[in-house]
Each structure stands twice: as C-alpha cells, then as structure tokens.
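Examining the three-dimensional arrangement
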Amino acid sequence: MHVLVTGATGFVGGRLVPELRAAGHDVRALVRDPSTYTPAPDVDVVQGDLLDPGTLTAAFDGIDAAYYLVHSMQAGDDFEERDRKAARNFAEAASAAGVDRVIYLGGLGEDGDDLSPHLRSRREVEALLAEGDYDLTSLRAAIIVGDGSASFRMVRQLVSRLPVMVTPRWVRNECQPIAIDDVVAYLVGVLDAPETAGETYGIGGPDVLTYREMMGRTAEAMGRTRPLILSVPVLTPNLSSYWVGLVTDVPSGVARPLILGLKNPVVVTDDSIRDHVEVDLTPFDDAVAKALAPEQSASRPTRQGSPTGGERGGHP
C-alpha cells in the first residue's frame, strides 16, 4: 500500500515511518524542510506544508492511505485557527487525490467534558477530517510514554527537580498512559484491518493510574524518592502551567495546554480496538524504563582501560 505520513519528523511520526516500511508499505513523508530530515531507507520524501494547499498535490499523488499526525501546540494563541486550516487543506487534498483511508491520532476525553482548548481543537480537527471523501479511522490516546514525549518529559523533570509539589486537585484524576511502541503498533495495525475504517477508538496501556501515582513510579524508576505531593483546591491548572514552565525546560506554549488537559480523567471506556488489532500492551513501569534508558545510558561515566587499550562508554 502507498502511504503518506504527515508529521513524519515528530515524536510519533518519526517512529511510525520505519515501522510502516517494515510492514511492507511504500512510504512517503511530507516535511516542510527536507534538509532537516533523515529518512528511513527507501522512504520517499516530499516537501510541503499543510498550511499551503498549493504544495500538497504532489504529496498525495498515488497515495492509498494517509496519516494525520500534526498539531500547532507551539504556534501561540492562534493555534486553533492553524489546526483548523491545516485539517481542511489536508482533507481537501486527500479527497481530490482519491485517498481511500485516513488515520488520525487525537486525544482522549469524553465529548461532554469541559475540554481544554488543546483537546477541544484536537476534537475539531477530527471532525474536519471526517468531512473528507475517504474512510477516517481515529485513535485517541492520553499521555504517551517515550523518549521525546513532551508530556512524559514534563513528568520526568518535575519529579527530578521538586521533592515537594503543591498541585491542584487534578493530581488525583485517573489517566491511562500508553507506551509509544504500542501507539505505533496500533497505528500500523489499523491500516491492515479494513473493518476499522470509519471508526473511532480509544487506546491505552494496561495500567490506569492517578497522576500522583504516575509521578511516584517515575521517580522510583529514576532511583529517586517519591516526591511529596500536596493537592490543594485553590491552585488551578492555569496557575500550575506557569510554575511548570519555570521548573522544567518544556516550552510554556507546550506546558500550558498539557497542564490544562489534565483537569479531566482520561481513561479508555471502550477497548473494542483490541478486537481488531492485537497489541501486547507494555506495562507502565516497563514503558518508563525504556523511555529513561537513553538518558541514563548517556549519564553513565566513561570507563577507561579496556582490554584492547581503547575507551568504552555508554550508548549515546
């Protein structure tokens, strides 16, 4: 199958592209600047921008299925309008090219909830994509655990830098995190499961945890004492986003929508995706250990005096 991946340079897209190739698909990656992208072997790279519809015709030529993995979280106050425009341009280009399937990765959250602006925008994007002349499969996930995930980086840095935290009541809310490998497995799997066309599924890992428990178990995986977490009713998620921006290196434009998105529980209520795509789900602790591995390997001291006289150190 000829497949287009938008957002190929991102956290999810960068892992999806080689897995699609491994599954036997012909893959084309849409990127804004090809000079900054090193593709997997045998991947076709085309330059284009979803905000510029004139650049999309060549990208969709001959494509059977396309993945929509882009968002404008860091685009400032106008991110909703940018997301809206990008989704419309994508849907029009994919429809004009006769694409059969579109697969979208959005965020968990009940439609009746008071969703954050970010999650509300993701839901609007989903609705706009559904207007296209193709079958849309939507997957919705909560926190994705992996090296390079902004939400997991925020958790990791909070527990490493703050032995005591004063948080809003959202710290008691439940979340169903999922490992990045499992997300990619689902994204690849639905492409080969035609019965998932036109459907929406929640995807999550095997563990349902409060945010407090997530932070505690992440601290233990890092070899640290669990932080003392005090929840108070007067501290809002909006105020929390400011101190997260001060304590971590997650950009404020990313930290704020992430924190605001924590006010509602995000748990899979319908796991029917498992009837169609078989994924051996990764326990939270194992997902955290894998996400931390690159950083922990890089921090190991270099050892000198190997038997061959050279130096031997940790993996980069």
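Here, every reference points to the structure presented above.
Criteria and cut-off values
- Residues numbered from 1 in each chain as written.
- Predicted model: local features only at pLDDT ≥ 70, side-chain atom pairs only at ≥ 80, totals over all residues.
- Heavy atoms only, no water.
- Helix = DSSP H or I, 4+ residues; strand = E, 2+ residues; numbered from the N terminus.
- Buried < 20%, exposed > 50% of the residue type's maximum accessible area, 1.4 Å probe, protein only.
- Contact = heavy atoms within 4.5 Å.
- Areas by Shrake-Rupley, 256 points an atom, 1.4 Å probe, with all protein chains shown as cover.
- Phe/Tyr/Trp six-rings, centres within 6.5 Å; stacked < 30°, edge-to-face > 60°.
- Core = buried A, V, L, I, M, F, W, Y, C linked by side-chain atoms within 4.5 Å.
- Expected span 1.5 Å × (residues − 1).
- Axes fitted to C-alpha atoms, helices over the stretch in contact; angles between N-to-C directions.
- Parallel < 35°, antiparallel > 145°, perpendicular 65-115°, else oblique.
- Left-handed = near helix turned anticlockwise from the far one by under 90°.
- Nonpolar A, V, L, I, M, F, W, Y, C, P; charged D, E, K, R; others polar.
- Salt bridge = Lys/Arg side-chain N within 4 Å of Asp/Glu carboxyl O.

Another point: the overall build of the chain. Secondary structure assignment for the chain yields 10 helices and 13 strands. When burial is assessed residue by residue, the chain has 51% of its 316 residues classed as buried. In the chain, the share of contacts with a sequence separation of at least 24, taken over all contacts with a separation of at least 6, comes to 76%. Surface exposure of the chain reaches about 14800 Å², of which carbon and sulfur atoms provide 48%.

Let us now look at the packing of aromatic side chains. Scanning the entire structure with this criterion turns up 3 aromatic pairs. Here Tyr68 and Tyr104 contribute two aromatic rings whose centre-to-centre distance is 6.0 Å and whose plane-to-plane angle is 55°, an arrangement assigned as tilted. Of the two residues, Tyr68 sits in strand β4 (residues 65-68) while Tyr104 sits in strand β5 (residues 101-107), which places them 36 residues apart along the sequence. For Tyr68, a relative accessible area of 0% gives the class buried. For Tyr104, a relative accessible area of 0% translates into the label buried. Joined through ring pairs, the aromatic side chains of Phe60, Tyr68, Phe90 and Tyr104 make up one cluster.

Among the nonpolar cores identified, the biggest contains 38 residues, and Val5, Tyr67, Leu105 and Leu187 are the most heavily contacted of them. Residue assignment for this core shows that the elements contributing at least two residues are β1 (2-6), α1 (13-22), β2 (26-31), β4, β5, β6 (135-141), α6 (180-191) and β11 (200-203). If one sorts the elements of this core by residue count, α6 sits on top with 8 residues. Beyond its immediate stretch of four places on either side in the chain, Leu105 contacts Val12, Tyr68, Leu69, Arg122, Leu139, Ala141, Ile144, Val183, Leu187 and Ile203. In this structure, Ala59, Ala66, Val70 and Tyr104 belong to the second largest nonpolar core, which totals 25 residues.

For α6, with 12 residues, the first-to-last C-alpha span of 17 Å sits near the 16 Å given by 1.5 Å per residue. Here α6 lies mainly inside the structure; 10 of its 12 residues are buried. If you check which residues of α6 are buried, you get Ile180, Asp182, Val183, Val184, Tyr186, Leu187, Val188, Gly189, Val190 and Leu191.

Time to look at the environment of Met1. As for its position among the elements, Met1 is in the segment before β1. A sequence separation of 62 residues divides Met1 from Ile63, and the C-alpha atoms of the two residues are 8.1 Å apart.

Its 18 residues place the ends of helix α3 (residues 79-96) 26 Å apart at the C-alpha level, agreeing with the 26 Å of an ideal helix rising 1.5 Å per residue. Every buried residue belonging to α3 is among Phe79, Asp83, Ala86, Ala87, Asn89, Phe90, Ala91, Ala93 and Ala94, and all of these are buried. Taken together, the buried residues of α3 touch β1, α2 (57-60), β4, β5 and α4 (117-129).

Here we come to the packing of α1 against α6. Look at α1 against α6: their axes get within 10 Å of each other, and the N-to-C directions meet at 45°. Put simply, α1 runs oblique to α6. The two elements α1 and α6 meet at a crossing, and its hand is right-handed. Residues Arg15, Leu16, Glu19 and Leu20 of α1 form the contact with α6, whose own contacting residues are Ile180, Val184, Leu187, Val188 and Leu191. Counted by class, the contact of α1 with α6 contains 7 nonpolar, no polar and 2 charged residues.

Moving on to unusual backbone geometry. Even without glycine at this site, Asp42 takes up a positive phi of about 65°. Position of Asp42 among the secondary structure elements: in the loop between β2 and β3 (44-47). We classify Asp42 as exposed; its relative accessible area is 65%.

A separate point is the pattern of salt bridges. Applying the stated criterion across every chain yields a total of 10 salt bridges. Where Arg84 meets Glu124, a salt bridge forms, and the shortest distance between an N and an O atom there is 2.6 Å. Remark: Glu124 occurs in helix α4 and Arg84 occurs in helix α3; sequence separation between them is 40 residues. Overall, Glu124 belongs to the partly exposed group, its relative accessible area being 27%. Two residues, Asp181 and Lys290, come together in a salt bridge whose shortest N-O distance is 2.5 Å. Separated by 109 residues along the polypeptide, Asp181 in helix α6 and Lys290 in helix α10 (residues 284-299) bring together distant segments of the chain. Here Asp181 falls in the partly exposed class, since its relative accessible area comes to 37%.

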